[in-house]
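Structural description and commentary
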Amino acid sequence: MRLAALLLALLTAAAQAATPITVSAAASLKDALTEIQKVYAKAQPDVVVTYNFAGSGALQQQIENGAPVDVFISAAPKQMDALEKRELLLAGTRRNLLTNTLVLIAPKNSTVIQGFADLTKADVRHIALGDPRSVPAGTYAAETLVALKLSAAVESKLVRMLDVRQVLTSVETGDAQAGFVYRTEALLSEKIRVAATAAAEQHAPIIYPIAVIKDTKHPDAARAFVAFLSSEAAKTVFAKFGFGMAP
């Protein structure tokens with residue numbers, strides 16, 4: 001009994017000694033970062049990483065409202081720019097981390113959508129995309145529709161959602177006949193297929209910036225985690241999930 005109590009006390013002490021950091025990250029990063037979390041735990045067992053995944057705009061608002069966040073990764077520069085303008089980032093920690101590609105998806109067994117032009121078909125009633133006001137993938141999708149001169153024709157069909165995961169689920173279930181997501185999302189599902197890929201010139205560059213938040217209580221641990229995300233170990237995981245590394 002004494003030995004068990006001693007072991008429990010040691011484990012409790014170790015847990016209490018660990019440095020906790022909270023990473024708020026775009027929903028599209030969930031699978032890659034969850035796997036990296038396991039790798040990082042082995043490399044840095046004295047640091048406990050907790051994630052908060054949501055649309056980049058929602059995460060930006062949380063940070064602006066004082067949410068305890070150590071590191072922020074958004075799916076577009078816009079949200080990071082807003083925090084930087086308000087001087088909420090730790091100076092010198094912001095950089096570009098990842099890149100991605102925007103694709104149009106459809107249910108795997110559907111033949112209605114073969115390209116962007118098919119979005120105007122009568123059979124296509126719902127097109128899912130992230131809300132452009134707060135979800136970068138939705139902003140890129142809206143820009144692509146404008147570039148393709150399809151915005152007016154499909155406006156009544158657009159269903160705006162909170163993040164790309166909701167868009168993916170909507171197409172998987174058939175609630176939407178098509179949807180705009182990142183290529184990394186499309187790779188996660190066997191229930192959908194990629195019908196078309198947006199050309200780079202049809203939308204703003206898809207860049208994921210990262211930074212340490214100024215009010216972090218653990219700046220050293222936060223900086224170390226940011227640095228780890230550019231390590232070879234992290235790059236391997238990001239590549240596995242379809243992300244590119246930003247130059």
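See the structure printed just above.
Report follows, based on the coordinates. (Residues numbered from 1 in each chain as written. Predicted model: local features only at pLDDT ≥ 70, side-chain atom pairs only at ≥ 80, totals over all residues. Heavy atoms only, no water.)

As for the packing of aromatic side chains
- Scanning the model with the defined rule gives eight aromatic pairs in all.
- An angle of 40 degrees between the planes, with centres 5.1 Å apart, marks the rings of Tyr51 and Phe53 as tilted.
- When its relative accessible area of 15% is taken as the criterion, Tyr51 is described as buried.
- Members of the aromatic cluster, each reached through a chain of ring pairs, are Tyr140, Tyr182, Tyr208, Phe238 and Phe243. (Phe/Tyr/Trp six-rings, centres within 6.5 Å; stacked < 30°, edge-to-face > 60°. Buried < 20%, exposed > 50% of the residue type's maximum accessible area, 1.4 Å probe, protein only.)

Overview of helix H4 (residues 77–85)
- Among the residues of H4, Gln79, Met80 and Leu83 are the ones counted as buried. Along H4, the residues classed as buried sweep out an arc of 95 degrees about the axis, all on the same side. Residues of H4 that are exposed and angled more than 90 degrees away from the buried face: Lys78 and Lys85.
- Downstream of H4 by a residue or two, Glu87 has a phi angle that is positive, lying close to 60 degrees. (Helix = DSSP H or I, 4+ residues; strand = E, 2+ residues; numbered from the N terminus. Arc of directions from axis to C-beta.)

A look at unusual backbone geometry
- Look at Glu87: it is not a glycine, yet its phi comes out positive at around 60 degrees.
- For Glu87, the location among the structural elements is in the loop between H4 and strand E4 (95–99).

Quick notes on the sheet that holds strand E10 (residues 207–212)
- Strand order across the open sheet formed by six strands is E2-E1-E3-E10-E4-E11, with mixed pairing between neighbours. The open sheet is flanked by strand E2 (47–54) and strand E11 (244–245), the only strands paired with a single partner.
- Bridging between strand E1 (residues 19–26) and E2 involves eight bridges; their strand directions are parallel. The residue bridging Ile21 from the neighbouring strand is Val49, located in E2.
- Helix-sheet contacts for helix H2 (residues 30–43) involve E1, E2 and strand E3 (71–73), and the interaxial angle to E2 is about 175 degrees. (Pairing = 2+ DSSP bridges. Contact = heavy atoms within 4.5 Å. Axes fitted to C-alpha atoms, helices over the stretch in contact; angles between N-to-C directions.)

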